[in-house]
Every structure is written in C-alpha cells, then in structure tokens.
Amino acid sequence: MQLEAIDRHTTADLIVERIAGVIKDRKLAAGERLPGEHELVAQLKVSRPILREALARLQSMGLVDIQRGRGTFVGNATSLANCVRLLRSAVTISPQELISYAELRSAIEVQAARQAAENATDEDVAALTAILKKLDDDDLPYPEALELDFQFHRKLLDIAGNPLMRNLMEVIYEFVLTQMARTTPSQRDNQVGRRLHKAILRAVRERNPDAAAEAMQRHMQAVRDRLCMVM
C-alpha cells in the first residue's frame, strides 16, 4: 500500500481525506491492517503530531480502529460507508454554505421545539429521554452519536406535528449531519451539546413552549458560532 506524499503546508484535514479515499477506492475490508505510524509519516511526509491528529479524527468517525500495541486497522464495515459519505460531504461543502443551511435549520427547529412542548405526550418525552440517555455513552462510536443526535431533532419534529417542517429537514439531512461533523467534538468531549439537548428536553417535559424555543435557539446559535470558527 502506497500513499501520495502530503504538501508541507497542508493540515490534518487533507490527511484524513487521503486515507479515507484510499480505504474507499481500494475497498479495504474492515479489520484490514493499515501502514504503521512510522511508515505513514515517511510516505505522507508529514510530522508525527499532525498524523496522530488525523488518525484520531478518523478513529472518532469510526473509519479506523487504533489498537494499542497492535496497530491501526480499517474500521467496522457496518459504519464505513456512512463515514465515507459523511466525510465526502464535510470536505466539499463550504462553511459559508453550512451557515446558510444552519440558518434555515434554526428557523425550522426553534418553531418545532415550541410546538413539541405544546403537543408532547408522556410517551414522547420518554422517547426523547431514551435517545439522550444513549448519547451519554462516552464510548459510543462517532457515526452512531451523530445519527442519535439527528434522531433527537427528528423526534422533536415528529412531536411538533408539522409534516412540511419534517420533510424540509429530511431534504437537508446530509447538510445537517455535515454541520454536526464540523461542529461536534468527539462524543467524550461533547459536554456543551449534551447540556443544550437536556435543556430542550427539560422544557418539553415541563410543557413550556417559550423555554423550549429559547433552549433550541441557544443550541442553533452554538452551531452557527462553531461554524464561524472554522471559516
């Protein structure tokens, strides 16, 4: 296996893209061993810290599995295709485009949170609580965490009961996931996101539409702020 060298001034993003591309293009199987750290440094002509940053990102996405004392392997096949698709979106959609979609998403979701607080049944609250309980698992693979995060927002739209808002979110599904990939740190470090989700849930549980809308507004503002940081 041979990888093209990386230009000196590029970042870990290009390393992530290149390794992911090799895995996809060569259809490497889950569990297949990748070159060791020393060999990757030599092939890509990058520093060891930059390579380690890139590998950590790939591991958080489930694209590679780093096993101490054994090496680096291709990630689990069940999530590999989604990881590659998500990565492709993340590197091709500009931050400015994502901010535009975040503004559209905010308009939809703030109203959805308000309506969810008005309409939620005990069963709806239990379903939202169960999703967030799963998201509290620090060891949850990154792709599963992103999908659960989206499920939480989709459930709020279901509770809101407006089919048009739900359909619009489905149309921009991949953009929403890409926003999450750009703005959400690893599952273990996503304390801010967890706190914002729990504030939304608390308002829905208390059937407080104003508080639910305000909590969602804070969440959407945090998304926009983080997107602006990566521009």
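Since the structure is predicted, the reported quantities are computational estimates derived from the model, not experimental observations. (Residues numbered from 1 in each chain as written. Predicted model: local features only at pLDDT ≥ 70, side-chain atom pairs only at ≥ 80, totals over all residues. Heavy atoms only, no water.)

Caption draft 1: Quick peek at the nonpolar core. Leu-128, Phe-152, Leu-156, Ile-200, Val-204 and Met-216 are the most contacted members of the largest nonpolar core, which totals 31 residues. Residues within four places of Val-204 in sequence aside, it is in contact with Ala-116, Ala-117, Ala-120, Val-125, Leu-128, Leu-156 and Ala-212. Ranked by size, the runner-up nonpolar core spans 19 residues in total, among them Ala-12, Leu-40, Val-41 and Val-74. (Core = buried A, V, L, I, M, F, W, Y, C linked by side-chain atoms within 4.5 Å. Buried < 20%, exposed > 50% of the residue type's maximum accessible area, 1.4 Å probe, protein only. Contact = heavy atoms within 4.5 Å.)

Caption draft 2: Structural context of the environment of Leu-51. Structurally, Leu-51 is set in helix H3 (residues 48–60). Taking the relative accessible area as the measure of exposure, Leu-51 reaches 0% and is therefore buried. For the pair Leu-51 and Ile-15, spaced 36 residues apart in sequence, the C-alpha to C-alpha distance is 7.3 Å. The residues contacting Leu-51, other than those within four sequence positions of it, are Ile-15, Glu-37, Leu-40, Val-41, Leu-44 and Val-46. (Helix = DSSP H or I, 4+ residues; strand = E, 2+ residues; numbered from the N terminus.)

Caption draft 3: Quick look at the confidence of the model for the chain. Overall, the prediction assigns the chain a mean pLDDT of 82, with 83% of residues at 70 or greater. Averaged pLDDT values over the elements of the chain bottom out at 51 in helix H4 (residues 77–92) and peak at 95 in helix H6 (residues 122–135). (pLDDT = per-residue confidence, 0-100.)

Caption draft 4: Main features of the pairing of strand S2 (residues 71–74). One ladder, built from four bridges, connects strand S1 (residues 64–67) with S2; its direction is antiparallel. Looking across to S2, one finds that Asp-65 is bridged to Phe-73. Joining the antiparallel neighbours S1 and S2 is a turn of three residues, in which Gly-69 adopts a positive phi near 80°. (Pairing = 2+ DSSP bridges.)

Caption draft 5: Representation of helix H2 (residues 37–44) within the structure. Every buried residue of H2 is accounted for by Leu-40, Val-41, Gln-43 and Leu-44. Directly after H2, the chain includes Lys-45, whose backbone phi takes a positive value near 55°.

Caption draft 6: Molecular detail of the packing of helix H10 (residues 191–205) against helix H11 (residues 209–229). Interhelical geometry of H10 versus H11 gives an angle of 165° and a closest axis separation of 8 Å. With respect to H11, the element H10 is oriented roughly antiparallel. Crossing of H10 over H11 shows left-handed handedness. Between H10 and H11, the contacting residues are Leu-196, His-197, Ala-199, Ile-200, Ala-203 and Val-204 on the first element and Ala-211, Ala-212, Ala-215, Met-216, Arg-218, His-219 and Ala-222 on the second. The residue makeup of the contact of H10 with H11, split by class, is ten nonpolar, two polar and one charged. (Axes fitted to C-alpha atoms, helices over the stretch in contact; angles between N-to-C directions. Parallel < 35°, antiparallel > 145°, perpendicular 65-115°, else oblique. Left-handed = near helix turned anticlockwise from the far one by under 90°. Nonpolar A, V, L, I, M, F, W, Y, C, P; charged D, E, K, R; others polar.)

Caption draft 7: Representation of the side chain of Glu-109. Here Glu-109 is to be found in helix H5 (residues 95–119). Ignoring any residue separated from it by four or fewer positions in sequence, one finds Glu-109 in contact with His-153, Met-169, Met-216 and Met-220.

Caption draft 8: Summary view of the side chain of His-153. The topology assignment puts His-153 in helix H7 (residues 142–160). Residue classification places His-153 among the buried residues on the basis of a relative accessible area of 0%. A distance of 3.4 Å separates a polar atom in the side chain of His-153 from a polar atom in the side chain of Arg-105. Residues within four places of His-153 in sequence aside, it is in contact with Arg-105, Glu-109, Met-180, His-197, Met-216, His-219 and Met-220. (Polar contact = N/O pair within 3.5 Å; in protein donor to acceptor, adjacent residues only side chain to side chain.)

Caption draft 9: Looking closely at the pattern of salt bridges. Evaluated as defined, the whole model comprises ten salt bridges. Linking Arg-105 and Glu-109 is a salt bridge whose minimum nitrogen-to-oxygen distance equals 2.6 Å. Here the residue Arg-105 and the residue Glu-109 both occupy positions in helix H5, the gap between them amounting to four residues, near one helical turn. With a relative accessible area of 1%, Glu-109 lands in the buried category. Here Arg-166 ties to Asp-158 by a salt bridge, and the two come within 2.1 Å at their closest N and O atoms. With a relative accessible area of 39%, Asp-158 lands in the partly exposed category. (Salt bridge = Lys/Arg side-chain N within 4 Å of Asp/Glu carboxyl O.)

Caption draft 10: Inspection of unusual backbone geometry at higher detail. For Lys-27, which is not glycine, the phi torsion reads 50° and is therefore positive. For Lys-27, the location among the structural elements is in the loop between helix H1 (12–25) and H2. Given a relative accessible area of 71%, Lys-27 falls into the exposed group. The backbone of Lys-45 shows a phi angle near 55°, a positive value even though the residue is not glycine. Within the element layout of this structure, Lys-45 appears in the loop between H2 and H3.

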